[in-house]
Every structure is written in structure tokens, then in C-alpha cells.
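Observations on the three-dimensional arrangement
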2 protein chains.
Amino acid sequence: MPDRLPPLTALRAFDAAARHMSFAKAAEELHVTPAALSFQIKSLEEHLGTQVFRRLNRAVELTEAGRAMAPGMADGFQTLAAAWRAAERTLDNETLTVTAGPAFTAKWLAPRLYEFAQAHPEIELRFSATLKLVDLTRDGIDVAIRFGTGTDEGVYSYPLPADEWVCPVMTPEMAARFPTPDSLRDATLIFDDSIAFLKPPAGWDTWFRMMGIDFAPKAGPRFSQADHAVDAALAGVGVALGRRSVVIKDLDDGRLVAPFPNALDTGVRFRFLCNKGAEMRPQIVAFRDWILTEIEKTTHITDRMIRKPSSDFQAE
Amino acid sequence: MPDRLPPLTALRAFDAAARHMSFAKAAEELHVTPAALSFQIKSLEEHLGTQVFRRLNRAVELTEAGRAMAPGMADGFQTLAAAWRAAERTLDNETLTVTAGPAFTAKWLAPRLYEFAQAHPEIELRFSATLKLVDLTRDGIDVAIRFGTGTDEGVYSYPLPADEWVCPVMTPEMAARFPTPDSLRDATLIFDDSIAFLKPPAGWDTWFRMMGIDFAPKAGPRFSQADHAVDAALAGVGVALGRRSVVIKDLDDGRLVAPFPNALDTGVRFRFLCNKGAEMRPQIVAFRDWILTEIEKTTHITDRMIRKPSSDFQAE
DNA sequence: TAGTCAATTAAGTACAACTTAAGTGAAGGC
DNA sequence: GCCTTCACTTAAGTTGTACTTAATTGACTA
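Residues numbered from 1 in each chain as written. Chains lettered and ligands numbered in written order. Predicted model: local features only at pLDDT ≥ 70, side-chain atom pairs only at ≥ 80, totals over all residues. Heavy atoms only, no water.

All names here are of chain A. Over its 18 residues, helix 5 (residues 102-119) extends 24 Å from the first C-alpha to the last, a length consistent with the 26 Å expected when each residue adds 1.5 Å. Bending of helix 5 peaks at approximately 50° at the position of L113. By the burial criterion, the buried members of helix 5 are A103, F104, T105, K107, W108, L109, R112 and F116. (Helix = DSSP H or I, 4+ residues; strand = E, 2+ residues; numbered from the N terminus. Expected span 1.5 Å × (residues − 1). Bend = angle between axes of the 7 residues up to and from the residue. Buried < 20%, exposed > 50% of the residue type's maximum accessible area, 1.4 Å probe, protein only.)

Residues and elements named next belong to chain A. Here E122 lies in the loop between helix 5 and strand 4 (124-129). The exposure class of E122 is partly exposed, given its relative accessible area of 43%. In the structure, E122 is positioned 27 residues away from T95 in sequence and 8.3 Å away in space, judged by C-alpha atoms.

Before going further, it helps to spend a moment on the interface of chain A and chain B. Tallying the contact residues gives 43 residues for chain A and 43 residues for chain B. Of the roughly 3,800 Å² buried at the junction of chain A and chain B (both faces included), carbon and sulfur atoms supply 71%. When the area that chain A buries against chain B is broken down by residue, the three leading residues are L8, L80 and W84 of chain A, summing to 20%. Our count for the chain A to chain B interface comes out at four salt bridges. Residues R281 of chain B and E64 of chain A are paired through a salt bridge, measuring 3.5 Å at the closest nitrogen-oxygen approach. (Contact = heavy atoms within 4.5 Å. Buried area = accessible area lost by both parts, 1.4 Å probe. Salt bridge = Lys/Arg side-chain N within 4 Å of Asp/Glu carboxyl O.)

Bringing helix 12 (residues 282-297) of chain B into the picture now. An α-helix turns once every 3.6 residues. As a result, residues three or four positions apart point the same way. Here helix 12 of chain B spans 22 Å end to end across 16 residues, near enough to the 22 Å set by a 1.5 Å rise per residue. Within helix 12 of chain B, burial applies to Q283, I284, A286, F287, W290, I291, E294 and I295 of chain B.

The next thing to look at is the protein's contact with DNA strand C. Residues in contact with DNA strand C amount to 20 residues; listed here are only the nearest, S38, R55 and R58 of chain A together with Q40 and N57 of chain B. When atoms of DNA strand C within 4 Å of the protein are sorted by moiety, sugar and phosphate together comprise 76%. A distance of 2.9 Å separates a phosphate oxygen of DNA strand C from a polar atom in the backbone of A24 of chain A. The separation between a phosphate oxygen of DNA strand C and a polar side-chain atom of K42 of chain A is 3.5 Å. At the level of elements, helix 2 (23-29) and helix 3 (34-48) of chain A together with helix 3 (34-48) of chain B are the ones that each hand at least two residues to the surface near DNA strand C. Broken down by element, the surface near DNA strand C gets its largest block of residues, four residues, from helix 3 of chain A. Residues of the surface near DNA strand C, tallied by class, amount to nine nonpolar, seven polar and four charged. (Near = heavy atom within 4 Å. Polar contact = N/O pair within 3.5 Å; in protein donor to acceptor, adjacent residues only side chain to side chain. Nonpolar A, V, L, I, M, F, W, Y, C, P; charged D, E, K, R; others polar.)

In a soluble, globular protein the nonpolar side chains are often hidden away together inside. The biggest cluster of nonpolar side chains holds 62 residues, and the ones touching the most others in it are F14, F53 and M69 of chain A together with F14, F53 and M69 of chain B. Ignoring anything within four residues of it in the chain, the contact list for F53 of chain B reads F14, A17, A18, M21, F23, I41, E45, V60, E61, L62 and T63 of chain B. Formed by 45 residues, the second largest nonpolar core is a distinct cluster that contains F116, I190, A232 and A278 of chain A. (Core = buried A, V, L, I, M, F, W, Y, C linked by side-chain atoms within 4.5 Å.)

Centre distance and the angle of the planes are the two values used to describe a pair of aromatic rings. All names here are of chain A. What the rule picks out here adds up to 30 aromatic pairs over all chains. Between W207 and F208, the aromatic rings sit 5.4 Å apart at their centres with planes inclined by 75°, giving edge-to-face as the arrangement. We classify F208 as buried; its relative accessible area is 0%. Counting every residue linked through ring pairs, the aromatic cluster contains F104, W108, F116, F147, F270, F272, F287 and W290. Seen from the ring of Y158, R288 lies directly overhead, with NZ or CZ sitting 4.5 Å from the centre. (Phe/Tyr/Trp six-rings, centres within 6.5 Å; stacked < 30°, edge-to-face > 60°. Lys NZ or Arg CZ within 6 Å of the ring centre and 35° of its normal.)

From the geometry alone we can't say anything about function, so treat these as descriptive.
Shown next as C-alpha cells:
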């Protein structure tokens, strides 16, 4: 199909020249002489039948035709370069780039990093803590840990065997002051917007409704990221409604306690995502198996929880 | 920056081979011999340091490295080809590709096409009736007529001087049967979901509220496209709440009438969009000027309307 | 007016990319 | 079991693109 394309080297020369708005700089980037670059542009212009650069005194500027193709050329070559890097990455079995949300990165991955490094000293882990991600290949990501229901088409998707419940968590000192669920009416409640925006929502309102307590708290510190809410609870500010993935490590270590075993199951799960065909790469297998092992280590905490779906306790 | 890229011809050979999953077919596409293509792939594999195709009996299949880069290569070359076509289009001052929504295309553009062709016989108009559009360059579009507030970054955007009001329209026969706004309680009302989904909504409820009539109609034929609702009204089915752009031609020609001059101004406008720098291309100038002239021709209809913002009549 | 900078042109060269032609190995028909 | 066919590979040789150096233009600048 792409038959009518002019010589690709000419396109690359144009791309570089358009990005730098200078033939000399473009020639430098491509490691050729300005003369060679001048020829390439000329050849491109002959193919197109019109000029793509207007030559000024000591500068160049794009013509309309040049402006029309410059963004697409830049985009196209970037895409090719990303694809090439993706191929190169498949040869590298010693690094693994993982992306996850800020909360999961801070509270689940980071505290366990040392253990992974010990188990797999040959693998260098890199992190990219962001929720925005459109394309694994394009962004140079090997593995993404994602929440909820994204579009999994074309990627390998493995749901992690861990239901993401939420339940009240606090420091042991705080737990002594609030012995019953009902006593939480008098506690400082910490709000985590990241769970309030779930569908169905699983916030304090829902939790109290499950407990049969007529209480709809409003006031209290609010955080947009789950890990910040938990950090506040760790600091003794109050009681947070903690998501399993975010609090499980602190519960395991005893820094936080969950005195009331009633938990709301949010119904969403984390999924382990990687490019199709990459799921058998050694470091990706190692990383997935390690995550599964780590989840397994904390099942004793989850098992004593009484979990009920948050969808059962929605205000009508 | 893109310095480490292997020879581009090798990448193009790989792209063709990966798309066809056959060296022979790829060679045919690129008009070279299979031998040449084989060399290109081999060269690519030497650059990468590993195979990208696994050679089977009488077929080839992608290796993991090949799978990793194939989608990106296909995407990248498509983008380059689109950019090149965009540059070629700037040379063509005899065709003009326009996209607009289905309703605007059917009820505004199409009935006036003959006039444009007469005024500009040298310009060949092409249409693409769709609401989905992400990239003018990529989709080969010169001009887009768009509704509401899209992201206009990087494109030339000209708001059309025509406020998009809605008011009840019907055939003249129907108008004789329903002489007052209040009598519309007994009429068959046609619902157009495309205006009901505006923010703020401008449906029958809102119109009756503006008229001070306590009536919230529910039953009646529903259409998802504005032009279908108007077609129903034209067929004598009932009374439609017609958008200016969709009904103005039929009002002008007398096929429809708007007996009640009270119109809801939706607050949104159509915008005329084209790539930056393309706004001075002759056929784009001609098209824009023609649209403005056509709008001017129907101002006498709009001027006798009593227009009030739909936002003033929202249920609280 | 000379000096500098950026792009162009001219002339020549080298190597990438292509050709034809022969070769390999496996599937499939008979 | 043998021969044909098909798809890719390899070898050897040719072509032409893409590059080089070196000289030229043309305009801003000191």
C-alpha cells in the first residue's frame, strides 16, 4: 500500500530539518554534511512538486506543504523509534520497567522492593508511577499494574487474586480509644476520594450502612490519593478507610490495625498487564510470580475479614 | 534524537513482511525481488542482534522481538504516509474534503450543494459525514464543521455567526391544526435525543417551561439524529423541536413552518475548523465565504425569532 | 568592506540496495 | 518413493542513491 512514498531518507532529513528549523543542525543530528541534507530536501521537493521550505536570508521556514506534513513526520518517526526500542527491550532480560498508580507504587511495591532485589539480583526494576498510560510499547513499559476495567484488547491481562476491599484502619493507640464501630462517630475520619469515585462508591457512608449504623460523616481531612490518606492514619491523625493493597503491608507489620473485621469488597481487582507474547519473558514471569507470592503471604490478614460487596449497601 | 534507528528501508521491508506474513508478498508490494527483501530482513536482524522472523517450512512467523515492533512499525509508516498525502493535498486546489455531522450534512450542506457547484465549478467537494474525528491530517480532511466545544488546539477555528436555537417546526397543514403553543399538548411531539443531550438540555420540557406552560411531554417518536426527527415532521408525523441548522432550509422553502416565534438558544455554535495555515488556501476560503453567504441569506428567518437562552429555563 | 554564517552547487566516490541465477529444504501430488 | 512446487536463502555482480569535499552565493554584522 505505501507505494507512493518518497525516499525515506529524504523524509527523515525533512523531519530533522523541520524540528530544528535549520539544515545545518539537522545535518549535525543525522551525522551528515549540510550539503547532503540540502540534496535530500531538494529531492523531496522534486518528488512533491513544490517547495517544503522557504529559504530566507539566513534561516528557513516551512511552506504550507511543509507545515502540512511536519507534525505527521515527527509523529511517525517517533513511533518507529519507539517500536525499535520496544524490540531492543525484548533482548534485555535484566531490566524491567513497571508502571502502577501512585498509591500501589508507594504502599505495595516500594516496601517490598528490597525482597525482590534479593530474590532476583539480576533484574533491575524501574518504576513509572502514573495512572495515565495509553500504550505500553510507545511508553517503554514492560508491565502495568492497573485497577478497574480498562481496555485489555491486544495485551496480556492477568487478574491478581486479591479482592480489593476497604476497611477502617488506624494506629494501635487509636484503636484503644475507639473500641466499637459505633464509637467511630467521635473519631476523626480521613476521607480518600480515590475510593469515593469508584462505581459503586465504597466510602465511609457505605461502610457505616453495612454496619447498620445511621451515620453519614462529612467533615474530616480529604486526600485525593489513597496512600496520602493512609499516611495520615499512620501519623495518628485519625481513622482511614484503607484499601487492601494500600494498607496490607502496614497491617502485616503492625503499624496499623483493623480492629473491625467488616470490610467492603469494592468488586474491582488489580490486573497485571503486559504486551501479548511478552508474558513468558523471564523477568516478567519472575515479577508476576513474585507478586503472587507476596499476595499469598498476606492471605491470613484477608481471611479473617468479613467481606461483603459494596454494591449491597448503596443508598437507593 | 532518532540516531540509533536501523536503515529505514529495512524497517519498511519488515513492516510489509509483518503485515503480509510473507516475504514474497512483501517483495511484491515493494516492487523488489524476494531476494532483496530477504537481505533487508537479514540486515535488520543483524542490527538488532536477534531474529525478527522465525523461518518455517513454507511460512514465516514473528519472534517475540518481531511482535514487539510490528504494530509500532505499521502505525509509524501509516502516519508517515498520511503526512505525505496531507502535503500532496495542499497542492490540490480543486478538491475539498469536508466533514460534518450527519444532520448538518443532510439538512444544511446537501440541499445547497448545487449552488456551491455553480458558484465554484472548479472545486470538487467530498463529504465525510461522521462525528468521530481526531486528526484532520491523519484522516485526510480539509475542513470540519463541528458543534460545541472541542479541543481547538493547533487548528484554525472560526465560529460561524449563527446561534443554534431550537423551536417547534411542522408542516403548514399541521400548523393549522395547532394554532397556539398550548394546543401542542394534543399534538404528536417528536423527540430528538441529540438536543436533549446538550448541556444545558434544550428539549420539549425546556421549551414549554419557557412558554410558561406546565407540561412535560413524555410519549412520542424518538430519534437519535436531528435530521431524522425533522424528516418525520416533514412527513406530517407530528411536531419536532428543530435545530436552526437542520430546519432553516425547509423553513426558507416553506416545507416547514415555525408558527411560534419563541426559540431556545442552545448557546452552542458551529465552528469552521481547518489545519492552521490552511485557512488561506483558495478552496477553503471559497467554501468558508460561501457558508457565510448562505447563513446571511436566512437571517430574515432568524431575525423574527424571539430567542432566549435555554440555560434560563432549566429545572432547578 | 571584509568577515561570517547558512544554504547551494559541482564533481567525484562509496556503499547500500537491487538484480539475476542458483541453491536448500519441506510439503504435497501422483 | 519420487518429483514438483513453493518459499526463503545465498552468491555474484551491477546500479544508482546517498554521501563526501571543495568552491559559490548571498545576506546580515561588525
